[in-house]
Amino acid sequence: MRTFHRNLDYYTRLASRLRIFAGFCLCAIVCAHDIPSDVTVQLILKPDSGRLHLLARVPLQAMRDIQFPEQERGFLDFDRSEAVFADAAQLWISNAIDLYEGDRLLARPRVIAARASLESDRSFSSYDSAIAHLHGPKLGNDVRVAWNQVLLDVEFEYEIRSAASAFSIDPKLARLGLRVVTVLRWLPRPGVERALEFTGNPGLVRLDPSWMQA
């Protein structure tokens, strides 16, 4: 009889532990589903007379732990999301990017403009069209689209000493998804554009490397 009770207690404890383990596994699966598998970030960087402009485009679904206002049936409420967009831009984008002028880390930027775009929008094909889009008409609640099918476009502005300085960037954007690809276009001066592509967190990238650094 004692052996029977000991065996019963053992199997009861084992079943309890298995339930706890299954719960952890289920939680891990649910959390993993909240993280996008593939995320593409677009950045455009341009210095200009005491200012460094950074334009960024990031899928809204990559910015977790933020409650974006919704209309009925789960559509994004554009009218009530203005302030949330600026906060999300700082939390998930500018806080994850370090920019250097020479060896000097630049102070955190100001958010000049932040707005939502449809996935079909092609304004980030150039700096000029992206700026025009960021300061043009905004999407309103007549547009019916789920929040996780929307892109967030942002213009950041950094204070710099000279547009002729050597700049570097250290993007730490890997937390946006399981696989994050960053496409950066660097416009150091009129008529010059350099395209770079990173996967994950590449570390410090010198945008104007000397021949030894290159």
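The structure contained in this document is the topic of the report that follows. (Residues numbered from 1 in each chain as written. Predicted model: local features only at pLDDT ≥ 70, side-chain atom pairs only at ≥ 80, totals over all residues. Heavy atoms only, no water.)

By the definition in use, this model includes three aromatic pairs. Look at Phe68 and Trp147: their rings are 5.8 Å apart centre to centre, the planes differ by 25°, and that puts the pair in the stacked class. Taken together, the residues span a long stretch of sequence, with Phe68 in the loop between strand E2 (51-59) and helix H2 (82-92) and Trp147 in the loop between helix H3 (127-134) and strand E6 (150-159) at a distance of 79 residues. Phe68 gets classed as buried once you look at its relative accessible area, which sits at 3%. Classification of Trp147 by relative accessible area gives partly exposed; the value is 24%. Measuring from ring centre to ring centre gives 5.9 Å for Phe167 and Trp186, while their planes differ by 65°; the resulting arrangement is edge-to-face. (Phe/Tyr/Trp six-rings, centres within 6.5 Å; stacked < 30°, edge-to-face > 60°. Helix = DSSP H or I, 4+ residues; strand = E, 2+ residues; numbered from the N terminus. Buried < 20%, exposed > 50% of the residue type's maximum accessible area, 1.4 Å probe, protein only.)

Of all five residues that make up strand E3 (residues 97-101), four are buried, and the element is covered over most of its length. As paired elements, E3 and strand E7 (residues 167-171) share five bridges and run antiparallel to each other. Residue Glu101 lies in a different strand from E7, and its bridge partner there is Phe167. The sheet contact formed by E3 and strand E4 (residues 104-105) spans two bridges and is antiparallel. (Pairing = 2+ DSSP bridges.)

Moving on, we get to the sheet that holds E3. In spatial order, the strands read E4-E3-E7-E10; together these four strands make up an open sheet with antiparallel pairing. In this open sheet, the two strands that pair with only one neighbour each are E4 and strand E10 (205-206). Of the strand pairs in this sheet, E7 and E10 are connected by two bridges, and their pairing is antiparallel. Across the sheet, the residue bridging to Ile169 is Val205, located in E10.

Before going further, it helps to spend a moment on unusual backbone geometry. One non-glycine residue, Ser49, adopts positive backbone phi at about 40°. As for its placement among the helices and strands, Ser49 is situated in the loop between strand E1 (38-48) and E2. Of note in the backbone geometry, Arg73 takes a positive phi value of approximately 65° without being a glycine. Mapped onto the elements of the fold, Arg73 is located in the loop between E2 and H2.

Take the pairing of E6 next. The buried fraction of E6 amounts to nine of the ten residues, a majority that puts the element mostly inside the structure. Pairing between E2 and E6: nine bridges, direction antiparallel. If you follow His53 over to E6, its bridge partner there is Glu157. Both strand E5 (residues 110-118) and E6 contribute to a ladder of eight bridges, which runs antiparallel.

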